[in-house]
Each structure stands twice: as structure tokens, then as C-alpha cells.
Amino acid sequence: VVSQFRGDMLAMEDIDQGMVLTTAGFTKGALDVARLPNTVPIILVDGERLADLLIEHRIGVRVEQVSVVSFDSDSLVIEEMSD
């Protein structure tokens, strides 16, 4: 997909950069094609980065606050029971 996109970009005029998004990942070959020297850059956004961006910009996500309760063993007094 990235190689085909690179080829399609060559036929277009006034292209500054391209972008390919996926919910999965990219192969080494795709990464290499996107980073070819002396060519228009292609930005690759994989699933992990896409999720991070959606969370960062609050797109399609809901943020909930959760309380965490922990015990402070230094302040707890435990009395031993005797028979």
C-alpha cells in the first residue's frame, strides 16, 4: 500500500507530504519506502499511535476518574488477640 501510494504521489503535482493510517502495523518494507531520501515524506500512523492520538485529542473516547484505595500499613495498629 505504501509503495503504491508513493507511486501515485509521483503523478500528482504540489504534494508536500502523504499519510497512511492503519489500525495494525507497518512492515519494514513499508517503513523503508516511507523514508526514502530525496522524496516527499510519507507519515505512517500505526494502530498504537492512532489510539494515542485519539485519546490525546479526546476523539471517540470517554475519560472516567477512578479512585484507588490503598492501606497505609505504617498507620495501622493491629492488636494480637490472646485466648
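My aim in this report is to walk through the structure given alongside it, one point at a time. Being a predicted model, the structure only gives us computed values, none of them experimental. (Residues numbered from 1 in each chain as written. Predicted model: local features only at pLDDT ≥ 70, side-chain atom pairs only at ≥ 80, totals over all residues. Heavy atoms only, no water.)

## A few points about the overall build of the chain
Phase 1 of the analysis: For the chain, the count of helices and strands is 3 helices and 2 strands.
Phase 2 of the analysis: In sequence order, the secondary structure elements of the chain are arranged as α-β-α-β-α.
Phase 3 of the analysis: For the chain, the C-alpha radius of gyration of 26 Å lies well beyond 12 Å, the compact-globule estimate for 83 residues.
Phase 4 of the analysis: Along the longest, intermediate and shortest principal axes, the C-alpha atoms of the chain span 90 × 25 × 20 Å.
Phase 5 of the analysis: Taking all 83 residues of the chain together, 14% fall into the buried category.
Phase 6 of the analysis: Sequence separation of 24 or more characterises 54% of the internal contacts of the chain that already satisfy a separation of 6 or more. (Helix = DSSP H or I, 4+ residues; strand = E, 2+ residues; numbered from the N terminus. Rg over C-alpha atoms; globule rule 2.2 N^0.38 Å. Buried < 20%, exposed > 50% of the residue type's maximum accessible area, 1.4 Å probe, protein only. Contact = heavy atoms within 4.5 Å.)

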